[in-house]
Amino acid sequence: MLTSSKRAILQTLIDRGPLSRAAIAEILGLSRAALSGLSGELIDAGILREAETSYGSSRLGRPSILLEINASHGYLVGMSIEQFGCPMVLADLHGTVLAQAILPATRVPEEVVDIIEEGLPALLSMAGVERASVLGLSVALSGFVNHSQSVCLQSAILGWADVPLARMVEERVGLPTSLENNANAAAVGEKLFGRGKEQVNFSVVTFGESIGCSHYIDGRLYRGHAGGAGELAHCTIELDGIPCRCGKRGCLDTIASRHAVVSAAHAATLPAESPQEIEELAKTGNPAAIGILHRAGNALGLAISHLIQLNNPERIVIASVDGAVGGLFRTVTKQAIDAYVLPQLGSVTDIRFDDVDEIFWARGAAAIAAHRYLIGAGGAKGSRDAA
Ligand SMILES: [Zn+2]
């Protein structure tokens, strides 16, 4: 079990990247001697290593050796449950993906455990990694997750209620396992492994079968009182709108999710099975396709304008798989944000549309497993912590 001082060192390196011993000591208010002792123990345990030498702003001063998290100290498995299948990755502690696979799609909890048990050996052999070097496993899904107990309280998409998936996987596979909402996994993935490294306040909005949303506030993932922070998908956008899977009406998810736009295309008898195909029809001037994308982009932009005004994030990443939020949808979303947000807040918010690949959430799940190992996060019962 790592002491809180050691976890603070690891947290500092996660937040700021490689640093000298002197810099870490200063940030944490520790004496150089104390820091040297603690970092020495972390190096001996293989969790930290000495990285490049920094010469500071000039090359005249004494060079200092930077400390960083040792990428190959151990490996993490991340998986996400998607409609098209279950992407699974093996990553190191710097987020480099060493092996990946798309496992079969399923919504049955017992089958999820089966595919993890069957898929893991192949993933490890692909990367040439021993099972004993795996530090943890995390599964990301769309739904409400009790973070401390790693239980899926409710998932409208999967049709789950109170599923203790982490415990089920842990019992069968024998690895410390956690469960996380997929938008939270995406944010932690951006923070640990991605482009959110320097960001202290940012939000991730994910466009998929459903819409996900998560926030990093003051450098920490913000889960809220009961783990429900970021439920943008089920904010009411249209009073007395159509029924939503959550039981309410007129939620953002009923207008702007992949599920919603494809359903609207079906209702309009358009020959389209994906947002990309609706975009193609819109390009040919099809009025129904243009109308669906306008309505969806307008709703998403309105919701994001509220998010900007509530949290004032420095950046919002709107992530979608393989350009699903492209063309007209993207243009209308941008215009709607500009139209609805207070100009002084909109002008200081960096809005990024990001086409991500199908392992994006699985990689985020691996980041969750890394986060739990390095700095703890009230892991699933029986979780193994860093030594
Ligand atoms: Zn809803």
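None of the values given here were measured: they were computed from a predicted structure.

Definitions and limits used
- Residues numbered from 1 in each chain as written.
- Predicted model: local features only at pLDDT ≥ 70, side-chain atom pairs only at ≥ 80, totals over all residues.
- Heavy atoms only, no water.
- Helix = DSSP H or I, 4+ residues; strand = E, 2+ residues; numbered from the N terminus.
- Buried < 20%, exposed > 50% of the residue type's maximum accessible area, 1.4 Å probe, protein only.
- Contact = heavy atoms within 4.5 Å.
- Donors = N, O, S within 2.8 Å, 3.2 Å for Na, K, Ca; no water.
- Tetrahedral: all angles 85-135°; square planar, octahedral: opposite > 155°, others 65-115°.
- Axes fitted to C-alpha atoms, helices over the stretch in contact; angles between N-to-C directions.
- Parallel < 35°, antiparallel > 145°, perpendicular 65-115°, else oblique.
- Left-handed = near helix turned anticlockwise from the far one by under 90°.
- Nonpolar A, V, L, I, M, F, W, Y, C, P; charged D, E, K, R; others polar.
- Polar contact = N/O pair within 3.5 Å; in protein donor to acceptor, adjacent residues only side chain to side chain.
- Domains from an automatic or database assignment.
- Phe/Tyr/Trp six-rings, centres within 6.5 Å; stacked < 30°, edge-to-face > 60°.

Undergrad: Honestly, the environment of Gly-301 in this entry has me stumped. Any pointers?
TA: By the secondary structure assignment, Gly-301 is in helix α10 (residues 287-311). Exposure remark for Gly-301: the relative accessible area of 0% places this residue in the buried category. Residues Gly-301 and Gln-335, spaced 34 residues apart in sequence, show a C-alpha to C-alpha distance of 7.4 Å. Beyond its immediate sequence surroundings of up to four residues, Gly-301 is in contact with Thr-333, Ala-336, Ile-337 and Tyr-340.

Undergrad: Would you mind going over the coordination of the zinc ion with me for this structure?
TA: Where a metal carries four tetrahedral donors, each ideal angle is 109.5 degrees; where it carries six octahedral donors, the ideal angles are 90 or 180 degrees. Surrounding the zinc ion are the protein donor atoms His-234 (ND1), Cys-244 (SG), Cys-246 (SG) and Cys-251 (SG), which sit 2.0 to 2.3 Å from the metal. If you look at the zinc ion, its four donor atoms make angles of 103 to 123 degrees with each other, and the shape they trace is tetrahedral. One chain supplies every donor for the zinc ion, spaced along it as H-x9-C-x1-C-x4-C. Residue classification places Cys-251 among the buried positions, given a relative accessible area of 0%.

Undergrad: Looking at this model, I keep getting lost on the packing of helix α4 (residues 109-127) against helix α5 (residues 165-173). Mind explaining?
TA: The packing of two helices is summarised by the inter-axis angle and the distance between the axes. One way to put it is that α4 packs onto α5 with a least axis distance of 10 Å and a crossing angle of 40 degrees. Classified by the angle between their axes, α4 and α5 sit oblique to one another. Two packed elements cross with a definite hand, and for α4 against α5 that hand is right-handed. Only Leu-165, Met-168, Val-169, Arg-172 and Val-173 of α5 make contact with α4, whose side of the interface consists of Pro-109, Glu-110, Val-112, Val-113, Asp-114, Ile-116, Glu-117 and Leu-120. Considering only residue class, the contact of α4 with α5 consists of nine nonpolar, no polar and four charged.

Undergrad: Explain the side chain of Thr-254 to me, please; I cannot follow it from the model alone.
TA: Within the element layout of this structure, Thr-254 appears in helix α7 (residues 253-256). Classification of Thr-254 by relative accessible area gives buried; the value is 11%. Reaching out from Thr-254, the side chain makes a polar contact with the backbone oxygen of Cys-251 at a distance of 2.6 Å. With residues up to four places along the chain from it excluded, the contact list for Thr-254 reads Ile-242, Pro-243, Cys-244 and Ala-260.

Undergrad: Mind showing me how you'd approach the domain arrangement of the protein chain here?
TA: Size of an interface, as often reported, equals the accessible area lost when the parts are brought together. In terms of domain boundaries, the protein chain breaks down into domain 1 (4-69), domain 2 (73-187 + 361-375) and domain 3 (198-356). Taken over C-alpha atoms, the centre of domain 1 sits 40 Å from the centre of domain 3.

Undergrad: What am I meant to see in the packing of aromatic side chains here?
TA: Centre-to-centre distance and the angle between the planes together describe a pair of aromatic rings. What the rule picks out here adds up to three aromatic pairs. With 5.0 Å between their ring centres and 5 degrees between their planes, Phe-202 and Tyr-216 make a pair best called stacked. In this pair, Phe-202 sits in strand β12 (residues 202-207) while Tyr-216 sits in strand β13 (residues 211-217), placing the two residues 14 residues apart along the sequence. Across the pair, exposure class does not vary: Phe-202 and Tyr-216 are buried alike. Aromatic pair Phe-360 and Trp-361: ring centres 5.3 Å apart, planes at 80 degrees, arrangement edge-to-face. Using a relative accessible area of 10% as the deciding quantity, one classes Phe-360 as buried.

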